[in-house]
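Geometric and topological summary
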Amino acid sequence: MAWYSKAITEKKQQIKSLWVRCKKCQSHIWQEEWHNNLNVCPHCNYHGSITAYERINLIFDEGTFNELFASISPVDSLGFNDLKGSYKDKIEANKKKSGISEAVITGEGKINGIRAVAAVMDFRFLGGSLGSGTGEKILQAANFAFEQEIPYIVFSASGGARMQEGVLSLMQMAKTCAGVARLNKKDIPFISVLTNPTTGGVTASYAMMGDLNISEPGAVIGFAGRRVIEQTIGEKLPDDFQTAEYLLEHGFIDSIVTRKDMKKYLSQVLSYYNR
Amino acid sequence: MAVASSLKVLTSDKSKHKLNGSTKGKQLSAWEIVKISRHPQRPVFQDYLHSVFTDFVELHGDRYYGDDKAIVGGFATIGGIKVMIIGHNKGKNTEQHVERNFGMAKPEGYRKALRLMKLAQRFNLPVVTIIDTPGAFPGLEAEERGQAESIAKNITEMAALEVPVISLVIGEGGSGGALGIGVGDKIIMLSNAIYSVISPEGCASILWRDAKFAPDAAQALNLTAERLLHHEVIDEIIKEPGEGAHTDYEKIADAVKKSLVKNLKTLSAIPVDILLDKRFQKYSAMGKFAGF
Ligand SMILES: [Zn+2]
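Residue numbers here run from 1 along each chain, matching the order of that chain's written sequence. As they are written, the chains are lettered A onward and the ligands numbered 1 onward, keeping that order. Side-chain atom pairs in this predicted model are given and counted only at pLDDT of 80 or more, local residue features only at pLDDT of at least 70, and totals for whole chains, interfaces and linings cover all residues. Working from all heavy atoms in the structure, the side-chain values ignore hydrogens and water.

So, the overall build of chain B
The helix and strand inventory of chain B stands at twelve helices and ten strands. Its C-alpha atoms give chain B a radius of gyration of 18 Å, near enough to 19 Å, the size a compact globule of 292 residues would have. Once the C-alpha set of chain B is aligned to its principal axes, its extents read approximately 50 × 50 × 45 Å. When contacts within chain B are restricted to residue pairs at least 6 apart in sequence, long-range pairs at least 24 apart make up 72% of them. Computed with a 1.4 Å probe, the accessible areas rest on the Shrake-Rupley method; for each residue, only the protein chains presented here act as cover. Of the roughly 11,600 Å² that chain B leaves accessible, carbon and sulfur atoms contribute 53%. Here Asp and Glu are counted as negative and Lys and Arg as positive; His is not counted, and neither are the chain ends. Each charge is placed at NZ for Lys, CZ for Arg, CG for Asp and CD for Glu. Counting 37 positive and 34 negative side-chain charges, chain B places the centres of these two groups 4 Å from one another. Helical segments are the DSSP runs of H or I of at least four residues, strand segments are the runs of E of at least two, and each set is numbered from the N terminus. We compute the radius of gyration over the C-alpha atoms and compare it with the globule rule, which gives 2.2 Å times the number of residues raised to the power 0.38. The contact criterion used throughout is that any non-hydrogen atoms of two residues lie within 4.5 Å.

Below, the structure written as structure tokens:
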């Protein structure tokens, strides 16, 4: 590559890094403005992804969040290798890239003064996929809520099962739901917040089992992939298919809440827990 | 993690596995087992229903929407023991495959299954589920009516169902569609059945960028009964006769009956609170991870 085209590329990258392009309306937004607006597009209300810690800061009262089960991380128990290499290497690369060691952060804290346990998924780590470590943290947090008798909130952001862990990943659906079943038995509230995207095995387990199912505007929520369904039925699907709005219309979620209102909404509904 | 010592392996003689003569004496590859699990002559749910169970009383409908023929269920008797049986039914020929949607259930199928499980609890009957599905139906109406919710609900409710539950995988254990009737106290697989988080073809087209790498994906996914027993996902393997269950319907029926009766007797002797605690511990221990 000639020096000038390299310089131009570098210049372009510098400029690009100052701007965020909205995935929905394609507008360019100053990075600072984007962050100040909680990664939500000021033009079209598109809710971009945020990290687990960013979400924790938005929801929990300052200084109240106490992280739990942080040491849990994935292992390559099947010795899984595909075209692009080993799962083992992928785990290390994802740890390095994201600075976290699993696709979910768990802990307890206060939301406008109300104690709650939370599991917050992070899409940056292997697409938020449900591995054994992910399932373990979600179950441990449910068990903590069960023992402490305080509400449990899970924020999902996941492409579904983690293929590199085979059926061990599938079994995390049963493992996490076993935790939810115990909360149900003890009448401890479980709130599921389905953020963009929540699909596959995560939707078909704990994410759909909330006493309240909440979502953010425009979030994609579904079981089977859009392309798979289009191939099955041989026709194009409607644009709003598998969106939070579509699920609200079909009766599967209680409410669509914007990111800036989420904390207030959660503390409001939790204030009705009268036990 | 629990040790595998308490698990009983009914299969040991790998040298006897054969497939159409071509693989005589060799251990079958994961892909060869996938092909046997989908063999067109392989016995399906309705075969076992007739050869293993008696006095079947079919119960229809989910009470909300319809009656999904991909899942069949009702009262039945096995070796003198009364049970609730629920299973995916693929059907035996093209006409039946279409009628039963190749065993790919929709939300109304999973909701019918749950209704029958709750009924079993009311009648104090153990539940036997028979798994044989490529997966839950990936269609527009299935999503519209809550495919994810119906599977999630079943998985959650089965974890707390107050009667013994045995799940037997006879052919394909296709992901969430299988697990939707597959949470139980004992998980049993036929030796050439498979259980997978995704089809080998689907996995290959994502991770290998081409479905033709399905044999590699099948190997990597650890989807055979033998591998799953090793990973402590299942509890028992029923050895198939000859070159597979399709070669001897009578023998496989006998083996299935023997295993189910034995497990039903064992589980029925356990008080329900201990049973539920053990079931919770069983699923709590699923999977391997580091750092706790
Ligand atoms: Zn926008």
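There is more to say, and it comes next.
Here we look at the overall build of chain A
Per the secondary structure count, chain A includes ten helices and 13 strands. Taking the principal axes of its C-alpha atoms as reference, chain A extends roughly 70 × 45 × 45 Å. Per-residue accessibility, obtained with a 1.4 Å probe over protein chains only, is compared with the maximum for each type, and a residue is labelled buried under 20%, exposed over 50%, and partly exposed between these values. Expressed as a percentage of the 275 residues in chain A, the buried residues total 56%. One finds the centroid of the 31 positive side-chain charges in chain A at a distance of 5 Å from the centroid of its 29 negative side-chain charges.

What about empty space enclosed by the protein?
A pocket here means an open set of points on a 1 Å grid, computed over the protein atoms alone, that has protein on both sides within 12 Å along at least five of seven lines. A cavity is instead a set of points where a 1.4 Å probe fits but cannot get out; residues with an atom within 4 Å of a point line either one. Grid points are joined across faces, edges and corners, and a volume is the space filled by probe spheres set on the points. In this structure the tally under the stated criterion is two cavities of 30 Å³ or more. One number sums up the size of the largest cavity: a volume of about 100 Å³. Ile221, Gly222 and Leu247 of chain A together with Glu143 and Gly146 of chain B are, among the 16 residues lining the largest cavity, the residues nearest its centre. Counting only elements with at least two residues in the lining of the largest cavity, the list comes to β12 (221-222) and α9 (244-249) of chain A together with α5 (140-144) and α6 (147-159) of chain B. If you tally residues by element for the lining of the largest cavity, the top one is α6 of chain B, at three residues. Following the grouping adopted for this structure description, the nonpolar residues are Ala, Val, Leu, Ile, Met, Phe, Trp, Tyr, Cys and Pro, the charged ones are Asp, Glu, Lys and Arg, and the polar ones are all others, Gly among them. Of the residues in the lining of the largest cavity, the class split is seven nonpolar, six polar and three charged. In this structure, the second largest cavity encloses a volume near 90 Å³. Around the second largest cavity, the lining comprises 15 residues; the ones closest to its centre are Ile50, Arg55, Ala157, Thr195 and Asn196 of chain A.

Observations regarding the interface of chain B and chain A
The partner chain A presents 59 residues to the 51 residues of chain B that form the contact. Buried area between chain B and chain A, summed over both chains or domains, comes out near 4,600 Å², and the portion from carbon and sulfur atoms is 76%. For chain B, the biggest contributors to the area lost against chain A are Glu143, Leu207 and Phe280 of chain B; these three give 14% of the whole. Each reported salt bridge corresponds to a side-chain nitrogen of Lys or Arg within 4 Å of a carboxyl oxygen of Asp or Glu. Applying the counting criterion to the chain B and chain A interface returns one salt bridge. The definition of a polar contact used here is a pair of N or O atoms within 3.5 Å, where within protein one atom must be able to donate a hydrogen and the other to accept one, and adjacent residues in sequence count solely through side-chain atom pairs. Connecting chain B to chain A are ten residue pairs in polar contact (both at pLDDT 80 or more). Put simply, the parts of the chain that give the side of chain B that touches chain A at least two residues each are α5, α6, α7 (175-179), β8 (194-196), α8 (200-207), α9 (214-221), α12 (272-284) and β10 (289-290) of chain B. For the side of chain B that touches chain A, the element with the highest residue contribution is α6 of chain B, accounting for nine residues. For the side of chain B that touches chain A, the per-class residue count stands at 30 nonpolar, twelve polar and nine charged. In this analysis, strands are considered paired if DSSP registers two or more bridges between them. Taken together, the two bridges between strand β4 (residues 73-74) of chain A and β10 of chain B define a ladder with antiparallel strand orientation. Within the sheet, the bridge partner assigned to Ser73 of chain A lies in β10 of chain B and is Ala290 of chain B. Throughout, the accessible surface (probe 1.4 Å) given up by two parts as they are put together, summed over both, is called the buried area.

Regarding the packing of helix α6 (residues 166-185) of chain A against α6 of chain B
At their nearest, the axes of α6 of chain A and α6 of chain B sit 8 Å apart, and the two run at 65° to each other. When the axis of α6 of chain A is compared with that of α6 of chain B, the two are roughly perpendicular. Relative to α6 of chain B, the crossing made by α6 of chain A is right-handed. Across the interface between the two elements, Met173, Ala174, Cys177, Ala178, Val180, Ala181 and Asn184 of chain A of α6 of chain A pack against Ala152, Ile155, Thr156 and Ala159 of chain B of α6 of chain B. Across the contact of α6 of chain A with α6 of chain B, the residue classes break down as nine nonpolar, two polar and no charged. With axes taken as lines fitted to C-alpha atoms, and helix axes fitted only over the stretch in contact, angles between N-to-C directions fall between 0 and 180 degrees. Reported orientations rely on four angle classes, namely roughly parallel under 35 degrees, roughly antiparallel over 145, roughly perpendicular from 65 to 115, and oblique for the rest. Each crossing is labelled by how the near helix is turned from the far one, with a counterclockwise turn of less than a right angle marking it left-handed and a clockwise turn marking it right-handed.

A look at the packing of aromatic side chains
All names here are of chain B. Aromatic rings from Phe, Tyr and Trp, with only the six-membered ring used for Trp, were paired whenever their centres fell within 6.5 Å, and each pair was classed as stacked if the ring planes differed by under 30 degrees, edge-to-face if by over 60, and tilted otherwise. Under the defined criterion, the tally for this structure stands at six aromatic pairs over all chains. Charge-over-ring contacts are defined here by two conditions on Lys NZ or Arg CZ: a distance within 6 Å of the ring centre and an angle within 35 degrees of the ring normal. Its end group placed over the ring of Phe137, Lys106 keeps NZ or CZ at 5.1 Å from the ring centre. The ring of Tyr65 has Arg145 lying over it, and the distance from NZ or CZ to the ring centre is 3.7 Å.

Points about the pattern of salt bridges
Summed over the entire model, instances satisfying the criterion amount to 30 salt bridges over all chains. Close ionic contact of Asp122 of chain A with Arg124 of chain A constitutes a salt bridge, the shortest N to O distance being 2.8 Å. The closest approach of N and O atoms between Glu236 of chain B and Lys262 of chain B, which form a salt bridge, is 3.0 Å. Residue Glu236 of chain B is located in strand β9 (residues 236-238), and its partner Lys262 of chain B is located in helix α11 (residues 249-268); the two are separated by 26 residues in the primary sequence. Residue class for Glu236 of chain B comes out buried when judged on its relative accessible area of 3%. Each of Arg38, Lys90, Asp132, Glu172 and Glu201 of chain B takes part in a single network of salt bridges with overlapping partners.

Remarks on the coordination of the zinc ion
All names here are of chain A. Taken together, the protein donors to the zinc ion comprise Cys22 (SG), Cys25 (SG), Cys41 (SG) and Cys44 (SG), at separations of 2.2 to 2.4 Å. Around the zinc ion, the four donor atoms are arranged such that angles at the metal cover 107 to 112°; this shape is classified as tetrahedral. The donor set comprises N, O and S atoms within 2.8 Å of the metal, extended to 3.2 Å for Na, K and Ca; water molecules are omitted, so apparent gaps in a site may simply reflect that omission. Motif for the zinc ion, donor spacing along one chain: C-x2-C-x15-C-x2-C. Residue Cys22 is found in the loop between β1 (19-21) and β2 (28-30), and its partner Cys44 is found in the loop between α2 (31-36) and α3 (52-59); the two are separated by 22 residues along the sequence. Four donors are marked tetrahedral only if all angles between them lie between 85 and 135 degrees, whereas four are marked square planar and six octahedral if opposite donors are more than 155 degrees apart and the other angles lie between 65 and 115; the remainder are marked irregular.

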